[in-house]
Amino acid sequence: GGAACGRTRARRGMDLQPPAAHDSSPASAAGALEGSPPDAPASGGGGFTTLMIQHVPRDRTAWDVAGALGPELRPGDFDFLYVPGDGRRNIGLAFVNIPDPALALAARRRLETKRWMRGGTERPVKVCPAYVQGLIANLDQFMRKAAVSPGMLAHAPLVWLRGVQTRFHVALRVLGIPPAEG
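If you're wondering where the values come from, they're calculated on a predicted model, not measured in any experiment.

Undergrad: Looking at this structure, how should I read the packing of aromatic side chains?
TA: Note on aromatic pairs: each is described by the distance of the centres and the angle between the planes. Counted by the stated rule, this structure contains four aromatic pairs. Both rings, one in Tyr-82 and one in Phe-142, keep their centres 5.2 Å apart while their planes meet at 80°; by these two values the pair is edge-to-face. Here Tyr-82, found in strand E3 (residues 80-82), pairs with Phe-142, found in helix H3 (residues 135-148); they are 60 residues apart in sequence, far enough to count as distant. Judged by its relative accessible area of 12%, Tyr-82 falls in the buried class.

Undergrad: Even after reading the chapter, I still don't get helix H2 (residues 101-111), so can you show me in this structure?
TA: Counting along an α-helix, one turn takes 3.6 residues, and residues three or four places apart therefore face a common direction. Those residues of H2 that fall on the buried side of the exposure criterion are Ala-104, Ala-107, Arg-108 and Leu-111. All buried residues of H2 lie within an arc of 105° about the axis, which places them on one face of the element. Those residues of H2 that are exposed and angled more than 90 degrees off the buried face are Ala-102 and Arg-109. Against the buried residues of H2 lie strand E2 (50-54), helix H1 (62-69) and strand E7 (126-129). You can read the cap of H2 off the contacts: a side-chain oxygen lies 2.9 Å from the backbone nitrogen of Ala-102, and it is on Asp-100.

Undergrad: Explanation requested: the sheet that holds E2 in the structure shown.
TA: Remark on secondary structure: sheet strands pair via backbone hydrogen bonds, oriented parallel or antiparallel. Taken in spatial order, the six strands of this open sheet run E7-E2-E4-E3-E8-E9, and their pairing is antiparallel. Edge positions in the sheet fall to E7 and strand E9 (164-166), since each has one partner strand and no second. With direction set aside, neighbouring strand axes in the sheet form an average angle of 20°. Taken together, the three bridges between E3 and strand E4 (residues 93-97) define a ladder with antiparallel strand orientation. Across the sheet, residue Tyr-82 finds its bridge partner in E4, namely Phe-95.

Undergrad: Can you help me understand the nonpolar core in this one?
TA: If you look at soluble globular proteins, the nonpolar side chains tend to sit buried side by side. Of all hydrophobic cores here, the largest spans 24 residues; its most connected members are Ile-53, Leu-69, Phe-78, Leu-81, Val-96 and Ile-98. Those elements that place two or more of their residues in this core are E2, H1, E4, H2 and strand E8 (158-161). Per-element tally for this core: the top contributor is H1, with five residues. Contacts of Leu-69, omitting those with residues within four sequence positions, involve Ile-53, Phe-78, Val-96 and Leu-111.

Calculation notes
- Residues numbered from 1 in each chain as written.
- Predicted model: local features only at pLDDT ≥ 70, side-chain atom pairs only at ≥ 80, totals over all residues.
- Heavy atoms only, no water.
- Phe/Tyr/Trp six-rings, centres within 6.5 Å; stacked < 30°, edge-to-face > 60°.
- Helix = DSSP H or I, 4+ residues; strand = E, 2+ residues; numbered from the N terminus.
- Buried < 20%, exposed > 50% of the residue type's maximum accessible area, 1.4 Å probe, protein only.
- Arc of directions from axis to C-beta.
- Contact = heavy atoms within 4.5 Å.
- Polar contact = N/O pair within 3.5 Å; in protein donor to acceptor, adjacent residues only side chain to side chain.
- Pairing = 2+ DSSP bridges.
- Axes fitted to C-alpha atoms, helices over the stretch in contact; angles between N-to-C directions.
- Core = buried A, V, L, I, M, F, W, Y, C linked by side-chain atoms within 4.5 Å.

Dropping the structure here:
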């Protein structure tokens with residue numbers, strides 16, 4: 001999609017659906033998300049692996065989003081899924097890491113053809129490379145933020161190691177990431 005990634009507002013109670021025959025989506029989002037990269041692969045020539053998905057309905061959990069990603073992605077295709085929020089509502093974003101850059105690019109293209117639906121209201125899915133790339137870097141960033149805001153640990157990302165969903169604290173230990181202090 002040619003639209004720039006940015007902070008957007010999502011509606012409650014939507015489901016991910018293919019787009020309608022007509023497309024009247026706005027060409028750009030309102031405002032920029034702090035730290036989001038340009039709408040291009042990460043530097044280094046290897047492509048991107050972590051996607052930021054926008055317009056996630058605010059009442060959705062990480063498990064709801066994981067289910068909505070199919071058939072484009074299934075657990076095993078990705079190893080990290082985080083839907084930031086306070087446990088009651090998310091902020092309209094999801095972050096998913098797909099270790100295979102070619103699969104990440106293909107998933108991005110397929111997901112961008114979808115819309116979150118609520119009755120007759122459509123909201124286009126916007127997907128762009130996240131600022132932080134890779135499983136370890138995303139877990140490390142989450143733990144740095146959790147050290148400042150310990151309440152975040154109650155709403156930790158979902159993690160899969162070797163295709164198996166793994167408890168967050170176990171994944172940290174296996175990967176050698178220190179626990180949050182604070």
